[in-house]
Amino acid sequence: MLNRSCAVVALILIAACSDRTVTPPAESPVAAITVNAKRPEALAKMFAKGLKNAAFRAYLKAQLNASPYREHKLQFETFLAANGSRGLREVAAENATTKDAVESQVKAAIALEVYFPVPAHRAVWTGDEQVLVATAMTDDDPPVAFDPDGRRQVLDPKTPPATPVLAIVPVETDFSVPPARVIECIVDYDGGGGGPIGGVVPPPPPAPGLYMTKSHFVQDFEGWLKGSPEFEVHMLGQKGTTDSLYDYQCAGEHAGGPYTFDQNDLDWSGNVLLFSKTQLDQYNGAHPNQNLRVFVVEDDDTACQIKTDVGRAERLFKIVDSLYNNLTGGNDSSTAVVRAYKYAKAAKSFWQAIASFFKTNDDVVGTAVEDDIVGATYPGYNWFVKGDNNITNGWINLVMY
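Residue indices follow the written sequence of each chain, beginning from 1 at its first position. For a predicted model such as this one, the threshold for reporting local features is a pLDDT of at least 70, and the threshold for listing and counting side-chain atom pairs is 80 or more; totals across whole chains, interfaces and linings nevertheless cover every residue. Heavy atoms from the whole structure form the basis of all side-chain values; hydrogens and water molecules are not counted.

## What to know about the overall build of the chain
In step 1: Along its length, the chain carries eight helices and 19 strands.
In step 2: Relative accessibility thresholds used throughout: buried, under 20% of the residue-type maximum; exposed, over 50%; partly exposed, between the two (1.4 Å probe, protein chains only). Looking at the chain residue by residue over its 401 residues, the buried ones come to 45%.
In step 3: Excluding contacts between residues fewer than 6 apart, the proportion of contacts in the chain whose partners are at least 24 apart in sequence is 71%.
In step 4: With an accessible surface of roughly 18,500 Å², the chain has 55% of that area assigned to carbon and sulfur atoms. In DSSP terms, a helix is any run of H or I states spanning at least four residues, a strand is any run of E spanning at least two, and both are numbered starting from the N terminus. Every residue pair with non-hydrogen atoms within 4.5 Å of one another is taken to be in contact. Accessible areas in this description were obtained via Shrake-Rupley with a 1.4 Å probe; residue shielding takes into account the shown protein chains only.

In structure tokens, the structure reads:
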């Protein structure tokens, strides 16, 4: 008899692991933070002054420590309203104003999150007054910070100060989805069936499709106030029968199912699905002789939605395509003997009509070009990630299973 006990019980959403259809859904409006959005300096100053209150500092530290989200983030508005609006009341009291006045400012602002973006700052802050509250809109903005006395200073955008800095910045986290929990199932054999006692159930073999097994980037494309990077890989192809690019599939931290991977450093290794065999077959059937691009961004806003300057993207594709004779796409080139994802011609006109989904804010890492086309190799990787002006911003390893 086989007994299985799971060390952690979690809800498994089977639907999230199914293939995503390659039929483009209807366009939907996207609420984007524009580069002209107002930096929430007034809120940062009020929050910093609220930290004059020792009890409020202790409460904030406890809430941050208890946060289940990556980097112990808190949704700013939710935190202030929790526990009978304790945060709103504490901030209002230290700023000699009313709870309603603070709440009105919070509701008028863009969606924000609060956390310590530098892990060392989170580790050393004891809940004392030695803390700054800073805000910035983009990675390149010099952070504007306030101490608990309300004094303003501008910080270096490249290097954090020694004093712990609490960031109040535009939301990057999907707080509507509880963080995934690791499931580890233990297998016990109590009879003579053989097999390891207390072993871990081996994972099933990967479903057929295009996978990324390793990635390495030359920088994190993220300002220190924005915390860890959030790299995403997007599969771009022809939209319908039009002369336009479409984002068919995203792989990233919030992609869901087998498309989920979380790279918070320059290096990552694992096994993440980029495009299933079903998706590839559907795409090739609907778009004969049209191939796919593998496009990498560092997400600064809404997860799995590409948002970057359309002119910059056009220039990137134009330069890279011209240098490599448009052999900047790829497709399933498997045979009965060898499974492989190889370079293929990318229709150069597609980058002329990409504004439908390229917005603002995300940092472009680059478009992937196979090493055979680049004419160079990088040990352990087979595709180069080419960014602005054909600069190599990283390498990825792509395989077909």
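## Re the packing of aromatic side chains
In step 1: Stacked, tilted and edge-to-face are the three classes assigned to paired rings of Phe, Tyr and Trp, where Trp is represented by its six-membered ring and a pair needs centres within 6.5 Å; plane angles under 30 degrees give stacked, over 60 edge-to-face, the rest tilted. Across all of its chains, the model carries 18 aromatic pairs by this definition.
In step 2: Consider the rings of Y211 and Y401, whose centres lie 5.0 Å apart with planes at 55 degrees: the pair is tilted. On the criterion of sequence distance, the pair formed by Y211 in strand 10 (residues 209–217) and Y401 in the segment after strand 19 (392–400) is long-range, its members being 190 residues apart.
In step 3: According to the relative accessible area criterion, Y211 is buried, its value standing at 5%.
In step 4: Note on Y378 and Y381: the rings are 5.7 Å apart at their centroids and 50 degrees apart in plane angle, and the pair reads as tilted.
In step 5: We classify Y378 as partly exposed; its relative accessible area is 29%.
In step 6: You can call Y381 buried: its relative accessible area is 13%.
In step 7: Positioned over the ring face of Y59 is R86, at 4.3 Å from the centre of the ring.
In step 8: Lying across the ring of F317, R293 places its NZ or CZ 4.3 Å from the centre. When the NZ atom of lysine or the CZ atom of arginine is within 6 Å of a ring's centre and also within 35 degrees of its normal, the charge is said to sit over that ring.

## What to know about the sheet that holds strand 2 (residues 74–75)
In step 1: The six strands are arranged 2-3-7-4-5-6 in an open sheet whose pairing can be described as mixed. Two strands bound the open sheet, and with one partner strand each, they are strand 2 and strand 6 (152–154).
In step 2: A pair of strands is considered paired only if DSSP assigns at least 2 bridges between the two. Both strand 2 and strand 3 (residues 112–115) contribute to a ladder of two bridges, which runs antiparallel. Residue Q75 lies in a different strand from strand 3, and its bridge partner there is E113.

## Describing the nonpolar core
In step 1: If you look at the biggest cluster of nonpolar residues, it comprises 31 residues, and the most contacted ones within it are M212, L274, Y341, I396 and L398.
In step 2: If sequence neighbours within four positions are ignored, L398 has contacts with L210, Y211, M212, L274, V294, Y341, N382 and W383.
In step 3: Judged by nonpolar contacts, the second largest core, of 29 residues, contains A44, A48, V102 and V114. Buried Ala, Val, Leu, Ile, Met, Phe, Trp, Tyr and Cys residues form a nonpolar core when they are joined through side-chain atoms within 4.5 Å.

## Some remarks on the sheet that holds strand 18 (residues 383–386)
In step 1: Taken in spatial order, the eight strands line up as 12-11-14-17-18-19-10-13 in an open sheet, and their pairing is antiparallel. Edge positions in the sheet fall to strand 12 (245–251) and strand 13 (267–276), since each has one partner strand and no second. Across the sheet, the mean angle separating the axes of adjacent strands is 30 degrees when strand polarity is ignored.
In step 2: Looking at chain direction, strand 10 and strand 13 are connected through seven bridges and run antiparallel. In the sheet register, Y211 faces strand 13, and the bridge partner there is L273.
In step 3: Against the sheet, helix 6 (residues 277–286) touches strand 10, strand 11 (231–238), strand 12, strand 13 and strand 19, its axis set at about 45 degrees to strand 13. Angular values range over 0 to 180 degrees, each being the angle between N-to-C directions of two axes fitted as lines to C-alpha atoms, with helices fitted over their stretch in contact.

## Thoughts on the pattern of salt bridges
In step 1: We define a salt bridge as a side-chain nitrogen of Lys or Arg found within 4 Å of a carboxyl oxygen belonging to Asp or Glu. For the structure on display, the rule yields 19 salt bridges.
In step 2: For E71, the salt bridge identified is with R70, shortest N-O distance 2.7 Å.
In step 3: With its nearest N and O atoms 3.1 Å apart, the salt bridge here joins K107 to E77. Of the two residues, K107 sits in helix 4 (residues 99–108) while E77 sits in helix 3 (residues 76–94), which places them 30 residues apart along the sequence.

## Brief notes about the packing of helix 3 against helix 4
In step 1: Where helix 3 contacts helix 4, the two axes come as close as 9 Å, and the packing angle between them is 140 degrees. Taken together, the axes of helix 3 and helix 4 are oblique relative to one another. The hand of the helix 3/helix 4 crossing is right-handed. On the side of helix 3, the interface is formed by F76, E77, L80, S85, L88, R89, V91 and A92, while helix 4 contributes K99, V102, E103, V106 and K107.
In step 2: By residue class, the composition of the contact of helix 3 with helix 4 is seven nonpolar, one polar and five charged. By the definition adopted for this analysis, an angle is roughly parallel if under 35 degrees, roughly antiparallel if over 145, roughly perpendicular if from 65 to 115, and oblique otherwise. Left-handed describes a crossing whose near helix is turned anticlockwise from the far helix through less than a right angle; right-handed describes the clockwise counterpart. Each residue is assigned to one class: nonpolar for Ala, Val, Leu, Ile, Met, Phe, Trp, Tyr, Cys and Pro, charged for Asp, Glu, Lys and Arg, and polar for all the others, Gly among them.

## A look at the pairing of strand 10
In step 1: Most of strand 10 is tucked away, with eight of its nine residues classed as buried.
In step 2: Where strand 10 lies against strand 19, seven bridges are found, and the strand directions are antiparallel. Of the residues in strand 19, the one forming a bridge with K214 is N397.

## Quick word on the confidence of the model for the chain
In step 1: Predictor confidence is given residue by residue as pLDDT, running from a minimum of 0 to a maximum of 100. Summary statistics for the chain give a mean pLDDT of 81 and a share of 78% for residues scoring 70 or more.
In step 2: For the stretch residues 182–193, pLDDT sits under 50, and the model shows 41 contacts to residues farther than four places along the chain or on other chains.

## Quick word on the packing of helix 2 (residues 54–66) against helix 3
In step 1: At a minimum axis distance of 11 Å, the contact between helix 2 and helix 3 shows a crossing angle of 145 degrees. Read as a crossing pair, helix 2 and helix 3 show a hand that is left-handed. Contacts between helix 2 and helix 3 involve A55, F56, Y59, L60 and Q63 on the former and, on the latter, F79, A82, N83, R86, G87, E90 and V91.
In step 2: Residue composition of the contact of helix 2 with helix 3, grouped by class: seven nonpolar, three polar and two charged.

## A short note on the environment of G223
In step 1: On the secondary structure map, G223 appears in the loop between strand 10 and strand 11.
In step 2: As for G223 and D141, which are separated by 82 residues in sequence, their C-alpha atoms are 8.5 Å apart.

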